Structure formats: structure tokens, C-alpha cells
Amino acid sequence: MAPPPTGRRKPNILVTGTPGTGKTTTSSLLSDATEFRHINIGDLVKEKNLHDGWDDELECHIINEDLVCDELEDLMEQGGNIVDYHGCDFFPERWFDRVVVLQTDNSVLYDRLSNRGYMGSKLTSNIECEIFQVLLEEARSSYREDIVVPLVSNCVEDISKNVTTLSDWIRSWQPTS
Ligand code: DAT
């Protein structure tokens, strides 16, 4: 079935995946290549205080999903956004024309997250998140199957390939209305 018309002249892309799979690196390079706006949800939450405090156990802000969605509504309506976040089920489905799920081999991801200083339960819970393909499942249950695209992100060549694939997709995108 064709997607409903959105009125956007440019598409919006969501780049999701387990922490460390390369969302920010990929989104930033894609933004350079396309002049689309890179919206890093973690940074936005901190900058604009869109949270309900700090979670000591998970060592991250408790994101206020309603505040985040309110903050982004106007920008998303314009299109031309690359949204970068390790979750995807609370955004309105109509916002996105493509949902990219980055995936990384467990041993590679383990090293990346260790280098970032993750240890103990924070490290194991993220590795389990990748093993059980939590973000891919979340994306598939939140968005139309034909817009959800898993992309491998193990090495720097994968990043270049993914940026090229997504830039080409943006260039060939046609508005639905
Ligand atoms: P995320 O935004 O998903 O948490 P990131 O973009 O911050 O991930 O990347 C985490 C680290 O891993 C950073 O040092 C860059 C590196 N990295 C990410 N993707 C990579 C890839 N495909 N090949 C090599 N290094 C990568």
C-alpha cells in the first residue's frame, strides 16, 4: 500500500541501532553529504533539558518522550532531517520515510563500547541488545516494513558505503503529494 501523503518536499530519515553501532558518525557524514539537518536526540535532550532527571543505574538521562516530540514537530514537518537515536518506538510513525538500523558484530561492538568506557551491566546489556536485534524488532513493529533497512556497520568501508547508499536514496526520493 502506498504511504499517505505528508506534504514534505524532502524526506526524513531515522538512524537507529544499539549504542556504538555508528549512528552519530554515519548521520554526521550523511549530513555533510546532503546538507540535511543532523538531529542527535541525546544531545538535544541535554541542551534543551527534555528529560526527567538522571538514571543512576543506566547512567543516562531519563528522556521525556513527549517533550522531545513536541520540540521536533515543526522541523519534521519541513523534512530534510536525519534523526539519530538508540530508540525508535516513541516517534510518530508519519515522521519518517526511511528507518535505518545499523548493525555491528558483537566482538567489534564489545571493543567499541569498552573503548568508550562502558563496563559491567551497561556493557553487557548493550551487547545483549545487539545480539537479540532489539532495535531491528522495535523498528519493524513501529514502522512499515518496506521503509525499515538494516545496514551493516563493522568497519570504515561500511560507513562510506552506507553514506553513499543513503545519499543516493535521498536524491532519488519523490514527495508523495
Ligand atoms: P553511536 O552513535 O551508534 O553510539 P558512534 O558513531 O558514536 O556510535 O561510534 C562509536 C565509535 O565507534 C566511534 O569511535 C566511531 C566508531 N565507529 C562507529 N561505526 C564504525 C564503523 N562502521 N567502523 C569503524 N568504526 C566505527
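Looking at an unreviewed UniProt entry, one finds the protein chain named Adenylate kinase isoenzyme 6 homolog, with Papaver nudicaule as its source organism. Listed under Subunit (unreviewed entry) in UniProt, the entry text for the protein chain is "Interacts with small ribosomal subunit protein uS11. Not a structural component of 43S pre-ribosomes, but transiently interacts with them by binding to uS11." In its Sequence similarities (unreviewed entry) section, UniProt records this for the protein chain: "Belongs to the adenylate kinase family. AK6 subfamily."

(A) Fine view of the sheet that holds strand E2 (residues 37–40). If you trace the five strands from one edge of the open sheet to the other, you get E2-E5-E1-E6-E7, paired in parallel fashion. Both outer strands of the open sheet, E2 and strand E7 (148–152), are each paired with one neighbouring strand and no more. Each adjacent strand pair in this sheet contributes to an overall mean axis angle of 20°, direction not counted. Sheet analysis places strand E6 (residues 98–103) next to E7, joined by five bridges and oriented parallel.

(B) Just the site of the ligand, in detail. Among the 15 residues in the neighbourhood of the ligand, the closest are listed as Gly22, Lys23, Thr24, Thr25 and Ser153. In terms of residue class, the shell around the ligand is built from four nonpolar, eight polar and three charged.

(C) A look at the pairing of strand E1 (residues 12–16). Counting buried residues in E1 gives five out of five residues, a clear majority hidden from the surface. Burial along E1 is two-sided: Asn12, Leu14 and Thr16 facing one way and Ile13 and Val15 facing the other are all buried. Where E1 lies against strand E5 (residues 81–84), four bridges are found, and the strand directions are parallel. Counterpart to Val15 in the pairing with E5 is Asp84.

(D) Quick peek at the environment of Asp158. Mapped onto the secondary structure, Asp158 falls in helix H7 (residues 156–172). Expressed as a C-alpha distance, the spacing of Asp158 and Trp54, which sit 104 residues apart in the sequence, is 34 Å.

(E) Broad picture of the UniProt feature "binding site: ATP" (unreviewed entry) in the protein chain. UniProt tags Gly20, Gly22, Lys23, Thr24, Thr25 and Arg116 as "binding site: ATP" (unreviewed entry). In this structure, Gly22 sits in the loop between E1 and helix H1 (23–34). With sequence-adjacent residues up to four places away left out, Gly22 is seen in contact with Leu102, Ser153 and Ile159. If you trace the backbone, Lys23 turns up in helix H1.

(F) Up close: the environment of Cys88. Residue position: Cys88 is located in the loop between E5 and E6. Judged by the 24 C-beta atoms lying within 10 Å of it, Cys88 falls in the buried class. A sequence separation of 47 residues divides Cys88 from Leu135, and the C-alpha atoms of the two residues are 7.6 Å apart. Apart from the residues lying within four places of it in its own chain, the contact partners of Cys88 are Leu14, Thr16, Val99, Leu135, Glu138, Ala139 and Ser142.

About the thresholds
- For every chain, the first residue of the written sequence is number 1, and numbering continues from 1 along that sequence.
- Residues qualify for local features only when their pLDDT is at least 70, as the model is predicted, and side-chain atom pairs are given and counted only at 80 or more; totals for whole chains, interfaces and linings, by contrast, use all residues.
- UniProt positions are given in the numbering used here, feature names are shortened, and annotations may be inferred rather than shown by experiment.
- Pairing between two strands requires that DSSP report at least two bridges joining them.
- For helices the rule is a DSSP run of H or I covering at least 4 residues; for strands it is a run of E covering at least 2, with both sets numbered from the N terminus onward.
- Note on geometry: axes are C-alpha line fits, over the in-contact stretch for helices, and angles between N-to-C directions span 0 to 180 degrees.
- Residues are counted as near a molecule or strand when the C-beta atom, derived from backbone positions, lies within 6 Å of that molecule or strand.
- Amino acids outside the nonpolar list (Ala, Val, Leu, Ile, Met, Phe, Trp, Tyr, Cys, Pro) and the charged list (Asp, Glu, Lys, Arg) are all regarded as polar, and Gly is one of them.
- Exposure classification rests on a simple neighbour count of other C-beta atoms within 10 Å of a residue's own: a residue reaching 20 or more is buried, one at 12 or fewer is exposed, and one in between is partly exposed. C-beta atoms are placed from the backbone.
- Two residues qualify as a contact pair if the distance between their C-beta atoms, derived from the backbone, is within 7 Å.

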